[in-house]
Amino acid sequence: MTADLVLRNVTLPTGRRADIVIAGGFVRHVGAPVRADETIDCSRFTCLPGAVDMHVHMRGGVQAEKEDWRTGTMSAVAGGVTVVVDQPNTVPPLTTPELLRARIREAEGHAVCGFAVNAGVMPGADLEGMWNAGAMAFGETFAAPSSYGEGLDPEALRGLFARIHALGGLATVHAEEVSGPAPATLTAHDNARSGAGEARAVRAASALAPGGMRLHFCHMSTAAAIEAARGMVEVTPHHLFLSREMFEEDDTRARMNPPLRDEQTRRGLWACWAKIDVIASDHAPHTLREKALPFQIAPSGVPGVETMVPLLVAAVRNRRITLASVIEKTSWRPAAILGIPRAGFEPGDRADFALYPDEVTRIDASRLHAKCGWSPFEGLNAVFPEEVVVRGRRAYSCGEYYEPQPAWYPGQGFLSAED
């Protein structure tokens, strides 16, 4: 057997050391060495399957000043993320098959790694047409308003859920309650979109969904919301690693939806680690110019796709969580939820890998790749990958990018239509 690439001396999750033989974008053999066009010695690295970030906003179009497919996926790859799932609250929102297909074409022309695109959920949206055109999932479905997304009333949500369920689709839900005037501080923002309100919104959305429907709750920020969820639970690094006490009260770089909570609530979220299905970044970059607006009108959202796995690997080094749980929540579980081939260490697995050194560094936004040029995680401990393999090819090495490896992962509606 001649291989495209061999990862030599990989320490597998079982503790066994072996060579991973890769050809045609997939793992072909795990065991003894074979001849290969290229080899990477992994003896000094921790080898993780490429992460699947189920929740990113790649911007582009009229929002290209914030981010675009090229810079966003370069940022992803530099953080060990090899598949991203783009959210549909673009400008304009993705509500028709034509708009969805245009978004996919844009990604195919500029992305440097794997990607999927979700369908917008709102009255008048052609859900069925987008499902057949290749939408991976539906939503973020806004049960509360957020940046570039209007909240849906309960009856509209019930009807849209019924249509998604009839298709067999996955509904991803942004669940919050919003009250009061425009907040002027981080504490006021937390109160206006409270943790208790988030839990109530989760219960309300769950009650509106037909029995047996596939529900995925995005960016849960409190233990109470996780306990309330009837479905899959997603949590972000910013809610795990940041609290509002870490910032000045008027610092808009810490403004996001759901808001940062207090330190006690953040620690309570960590206590739910075992109940979390997926860690996703909710990468939602805005320019520093936009973030410099007064708090009441500054946009919510932060970049995070590049720092997501590095923060978690540093937490592993600190023995806060296990490496196996990071692999499960960043790679294997999201792939299973989405129905895409998993990256891993067995023959037939997708050959996406990231190689992490032992060294723990501190996050320096000037060294990151997101176009917006800043990070709310500045100064936090992280372990960034030195080498990243996408579709069986070296895609990134010590800050240098190689040939792009874009790959569109369509949803089940498209795949069923092709059969």
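In this text the structure is predicted, and so the values were computed from the model without any measurement.

## Here we look at the packing of helix α1 (residues 69–78) against helix α2 (residues 97–110)
At a minimum axis distance of 9 Å, the contact between α1 and α2 shows a crossing angle of 60°. Where α1 crosses over α2, the two elements pack in a sense that is right-handed. Residues W69, R70 and T73 of α1 pack against R103, E106, A107 and H110 of α2.

## Notes on unusual backbone geometry
Here the residue pair V91 and P92 is connected by a cis peptide bond, since its omega of -5° sits within 30 degrees of zero. Mapped onto the elements, P92 comes out in the loop between β9 (81–86) and α2. Cis geometry marks the peptide bond from N257 to P258; its omega dihedral reads -10°. With respect to the helices, strands and loops of the structure, P258 is situated in the loop between α8 (237–241) and α9 (263–270). Even without a glycine there, the phi angle at R319 is positive, about 65°. One can find R319 in the loop between α11 (308–317) and α12 (323–338). Take R319: its relative accessible area is 77%, and that puts it in the exposed class.

## Concerning a negative patch on the surface
Side chains of E245, E248, E249 and D250 sit close together on the surface and give a patch of like negative charge. Checked against the element boundaries, D250 lands in the loop between α8 and α9.

## Considerations on the sheet that holds strand β11 (residues 138–142)
Here we have five strands laid out as an open sheet, ordered β11-β12-β13-β14-β15, and parallel in their pairing. Of all strands in the sheet, those with a lone pairing partner are β11 and β15 (278–279), marking the two edges. Relative to strand β13 (residues 214–217), strand β12 (residues 170–174) runs parallel, the two being bridged by four bridges. Bridge pairing in β13 places A171 opposite L215.

Each value, and the rule that gives it
Residues numbered from 1 in each chain as written. Predicted model: local features only at pLDDT ≥ 70, side-chain atom pairs only at ≥ 80, totals over all residues. Heavy atoms only, no water. Axes fitted to C-alpha atoms, helices over the stretch in contact; angles between N-to-C directions. Helix = DSSP H or I, 4+ residues; strand = E, 2+ residues; numbered from the N terminus. Left-handed = near helix turned anticlockwise from the far one by under 90°. Contact = heavy atoms within 4.5 Å. Buried < 20%, exposed > 50% of the residue type's maximum accessible area, 1.4 Å probe, protein only. Patch = residues over 30% accessible without salt bridge, like charges linked within 9 Å, V, L, I, M, F, W, Y side chains within 5 Å. Areas by Shrake-Rupley, 256 points an atom, 1.4 Å probe, with all protein chains shown as cover. Salt bridge = Lys/Arg side-chain N within 4 Å of Asp/Glu carboxyl O. Lys, Arg positive; Asp, Glu negative; His and termini not counted. Charge placed at Lys NZ, Arg CZ, Asp CG, Glu CD. Pairing = 2+ DSSP bridges.

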